[in-house]
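# Tertiary structure, described
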Amino acid sequence: MKIGFDNEKYLKMQSGHIRERISQFGNKLYLEFGGKLFDDFHASRVLPGFEPDSKLRMLMQLSDQAEIVIVISAADIDKNKVRGDLGITYDMDVLRLIDGFTERGLYVGSVCITQYIGQEGADLFKNHLEKLGIRVYMHYTIPGYPSNTSLIVSDEGYGKNDYIETSRPLVVITAPGPGSGKMATCLSQLYHEYKRGINAGYAKFETFPIWNIPLKHPVNLAYEAATADLNDVNMIDPFHLEAYGETTVNYNRDVEIFPVLQAMFEKIIGKCPYKSPTDMGVNMAGNCIIDDEVCMEASRQEIIRRYYKSMNALVSASGKEEEVFKIELLLKQAHAVVEDRRVVPVSLEIEAKTGAPAAALELPDGKIVHGKTTDLLGASSALLLNALKELAGIDHKHHVISPDAIRPIQELKTKYLGSKNPRLHTDETLIALSVSAASNNEARLALEQLLNLKGCQAHTSVMLSSTDIWELRKLGIELTCEPKFEKQKIYK
C-alpha cells in the first residue's frame, strides 16, 4: 500500500500541541475527544499510513498527565443503542473502552451518564459500574438546551449536574459514539471549576474534517460520506474568516453552536477564549499528509464504499434515500465513479458469464482473483480459497479442502440443522480448511496466508449474509456488495 500520511510525525506533533493547550489554561484542560480513540479505521483508510490506534498511542505519550472520563447518554442505554461497526451496545462498549484504556496504562477516572431523567436502564448500568469499583456521575437534561444560556449556566442548569472529581491536568472526555453529550460535560465541568475558583479550559479534538485542507478535498468529502446519516456538512468557518481573514474548514454543527458557546463561556469565565470553532480544535492531521495524491485516491475509494453501504441499507429497509442522494453528490464532487473500484466490474462480469452470484478480490500486489458459485461453495467462500491459494502459490487445480470433506458438512447443515442452503459459508469454509491443514500441507500453507488478506478490497455481485459479512470483516477485508439480494423474498 502506498503511504500518504506520516504517522510518527503526527504522534509527536499532536501530543506537543495538546501540551501547549494545557499550559494555556492554567494547567487544567477538558479535551473533548471526537471520533474513535482506537479502532479508527476510517482515518486509516483515507489517510494511508495513519494507524487505527494512532490517537490512543498519542494519548499514551501524555499518560502521566491524562485522565479519561467516558460519557454515555442515558437515552442510548435505555434504547440499547448499538455500535454498527462492532455490533455491541453502547453500555457494553463503555466496559470495552475501560478495559482497553486500562490495559494500555491509561487512567480511567470515571463514567458520566448524561441526559438522565430517571431511565431504569441507566440506573441498572450505574449500579453495575459501581459494583465493579468504577465511579459514576450523573448529568441531567436541561430545558431549552442549548439556546437558553441563562438557565443552562446557572445553579438550576449545569449547577444541578454532579461535579466530576478529577486529579490530572488533562481530562479527556470520550464516548462510545456521537450524541453522547461530550461537549455539555466539558462545559458543565468548566462551570463547576470556576465556581470553585479553579481556572480551566476547553478544547476539541476531531480528526475530521481537516481544517487546513480545501473544503472539497476528497479527504473531507469522505468524512461527509461517513456521516451522511447524521446530515453533517463541511463548510468554511465564517467566524475564523472574519477574525483572521483565513479560510479554514469546519462542520455545520460546530459553526451553528459557536455563538451559544461564546455566550456560555462569557457567563462562566467572563470572556470567550476563542474567536472561532477552528480555534477550539487541536487537530494536527493536515500537517502530516506527505502524499496528497495517495490520500485523495484513498478517499475516493472510501466514498465509493460508503455509497455501496448506503445502497445496501436502503435495499434492506434500514437506510434512507436522502443518505444515498447525498453520497451520490459527493461521488460527483470527488470526480469518482463506482467502476473506479477495480473489483466491481470483475465480479459483475463473472456473474454475467455464469448466471450466478460472483465475487472478486484485489490482492496486495494488485492482482485480482475471483470466486463463483458452485454446488459446494458460495461465491465468497470460493473467493476466499482462491485468494489464499494465489497468495500461497498453490495450483488452483489442487483442492485444499477435499470435496469428500465438504459433503458431510453439507449433510449436517441440511439434514440435521434445517438449512436450505447446502453451500458452505465463509466461517464454515475456514473451519474446514483448518481441519484439512492437520493432514494437508497445501491447506496449511493456505491457512497461513490469512493475515495477508487484511486491507484487501473485495466486491460481491449480491448482498451477503450477515455471517459472511462479519467473517470477511474480521479478516480485515474491505467488502462492498451490489445492492440486490440473491433471491428476492418477503421474509428474509
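Remember, predicted model here, so these are calculated numbers, not experimental data. (Residues numbered from 1 in each chain as written. Predicted model: local features only at pLDDT ≥ 70, side-chain atom pairs only at ≥ 80, totals over all residues. Heavy atoms only, no water.)

## Points about the environment of isoleucine 198
Basically, it comes down to this: The way it works is that DSSP assigns letters per residue, a run of H or I at least four long becomes a helix, a run of E at least two long becomes a strand, and they are numbered from the N terminus. A 1.4 Å probe rolled over the protein chains alone gives each residue an accessible area, and that area as a share of the maximum for its type sets the label: buried under 20%, exposed over 50%, partly exposed in between. Contacts are residue-level and defined by heavy atoms, with any inter-residue pair within 4.5 Å sufficient.
Considering the arrangement of structural elements, one finds isoleucine 198 in the loop between helix H8 (182-195) and strand E8 (201-205). A relative accessible area of 34% means that isoleucine 198 is categorised as partly exposed. Once residues within four sequence positions are removed from consideration, isoleucine 198 is found in contact with Tyr163 and Glu193.

## Here we look at the sheet that holds strand E2 (residues 66-73)
To be explicit about the condition: We treat two strands as partners when DSSP finds at least two bridges between them. In this analysis an axis means a line fitted to C-alpha atoms, helices contributing only their contacting stretch, and an angle means the value between N-to-C directions, from 0 to 180 degrees.
With parallel pairing, the six strands of this open sheet are ordered in space as E6-E5-E2-E7-E1-E8. With partners counted over all chains shown, the strands left at the sheet margins are strand E6 (136-140) and E8, one partner each. Strand-to-strand twist in this sheet, taken as the mean axis angle between neighbours without regard to direction, amounts to 25 degrees. Where E2 lies against strand E5 (residues 108-116), six bridges are found, and the strand directions are parallel. Each residue of the ladder has a partner; that of valine 71, found in E5, is cysteine 112. Relative to the sheet, helix H6 (residues 120-131) contacts E2, E5 and E6, its axis offset from that of E5 by approximately 170 degrees.

## Points about the layout of surface pockets
What counts is decided by this rule: With a 1 Å grid spanning the protein atoms alone, the term cavity applies to any set of points in which a 1.4 Å probe fits but cannot get out, the term pocket to an open set with protein on both sides within 12 Å along at least five of seven lines, and the term lining residue to any residue with an atom within 4 Å of a point. Grid points are joined across faces, edges and corners, and a volume is the space filled by probe spheres set on the points. When residues are sorted by character, Ala, Val, Leu, Ile, Met, Phe, Trp, Tyr, Cys and Pro go into the nonpolar class, Asp, Glu, Lys and Arg into the charged class, and all the rest, Gly among them, into the polar class.
Of the volumes computed, that of the second largest pocket is approximately 420 Å³. Lining of the second largest pocket is provided by 20 residues; of these, Leu377, Ala382, Asn386, Lys389 and His396 occupy positions nearest its centre. Contributions of two or more residues to the lining of the second largest pocket are made by strand E12 (368-372), helix H16 (379-392) and helix H17 (403-416). It is E12 that contributes the most residues to the lining of the second largest pocket, five residues altogether. In terms of residue class, the lining of the second largest pocket is made up of ten nonpolar, seven polar and three charged.

## Observations concerning a nonpolar patch on the surface
Counted only if it meets this: Residues enter patches when their relative accessible area tops 30% and they take part in no salt bridge; the joining distance is 9 Å for like charges and 5 Å for the nonpolar side chains Val, Leu, Ile, Met, Phe, Trp and Tyr. Per-residue accessibility takes into account occlusion by the displayed protein chains alone, with areas from the Shrake-Rupley method and a 1.4 Å probe. A pair is scored as a salt bridge if a Lys or Arg side-chain nitrogen falls within 4 Å of a carboxyl oxygen belonging to Asp or Glu.
Among the surface-exposed residues, Leu412, Tyr416 and Leu417 lie close enough to one another that they form a single nonpolar patch of about 360 Å² accessible area. Position of tyrosine 416 relative to the elements: it lies in helix H17. Taking relative accessible area as the criterion, tyrosine 416 reaches 58% and is therefore assigned exposed.

## Concerning the packing of aromatic side chains
Stated formally: Paired rings are identified among Phe, Tyr and Trp, the last through its six-membered ring, by centres lying within 6.5 Å, and are further divided according to the angle between planes into stacked (under 30 degrees), edge-to-face (over 60) and tilted (the rest). Note on geometry: a ring has a charge over it if NZ (lysine) or CZ (arginine) is within 6 Å of the ring centre and within 35 degrees of the ring normal.
Summed over the entire model, instances satisfying the criterion amount to 13 aromatic pairs. Measuring from centroid to centroid gives 6.4 Å for tyrosine 158 and tyrosine 191, while their planes differ by 50 degrees, and the two rings are tilted. With tyrosine 158 in the loop between helix H7 (149-152) and strand E7 (170-174) and tyrosine 191 in helix H8, this pair connects stretches of sequence that are 33 residues apart. Its relative accessible area of 1% is what places tyrosine 158 among the buried residues. A cation over an aromatic ring shows up here: arginine 196 above the ring of tyrosine 163, its NZ or CZ 3.8 Å from the ring centre. Above the ring of tryptophan 470, the side-chain terminus of arginine 473 is found at 4.5 Å from the ring centroid.

## Here we look at the packing of helix H18 (residues 426-436) against helix H20 (residues 466-474)
For clarity, the cut-off: The cut-offs work like this: below 35 degrees is roughly parallel, past 145 is roughly antiparallel, 65 to 115 is roughly perpendicular, and the gaps in between are oblique.
Two elements in contact, H18 and H20, have axes separated by 8 Å at closest approach and are oriented at 55 degrees. Here H18 lies oblique to H20, going by the angle between them. Note on element contacts: H20 touches H18 through Thr467, Asp468, Glu471 and Leu472, opposite Thr426, Asp427 and Leu430.

## With respect to the nonpolar core
We count it as follows: In this text, buried Ala, Val, Leu, Ile, Met, Phe, Trp, Tyr and Cys residues form a nonpolar core when linked through side-chain atoms within 4.5 Å.
By size, the foremost hydrophobic cluster in this structure holds 104 residues, and its most contacted members are Leu47, Ile70, Phe101, Ile113, Leu170 and Ile303. It is helix H11 (residues 252-269) that contributes the most residues to this core, seven residues altogether. Those residues in contact with isoleucine 113, other than ones at most four positions away along the chain, are Ile72, Ala74, Ile77, Ala122, Phe125, Lys126, Val136, Tyr137, Met138 and His139. Counting residues in each nonpolar core, the second largest holds 34 residues, with Val400, Ile401, Ala458 and Ile477 among its members.

## What about the sheet that holds strand E11 (residues 358-362)?
If you walk across this open sheet you meet the four strands as E12-E11-E13-E14, and the pairing is mixed. Two strands lie at the open edges of the sheet, namely E12 and strand E14 (478-481), each paired on one side alone. For this sheet, the mean angle separating the axes of adjacent strands, direction not counted, is 15 degrees. Bridge count for E11 against strand E13 (residues 457-460) is four bridges, and the pairing is antiparallel. Bridge pairing in E13 places alanine 360 opposite histidine 459. This element, H16, spans E11, E12 and E13 of the sheet and lies at about 145 degrees to E12.

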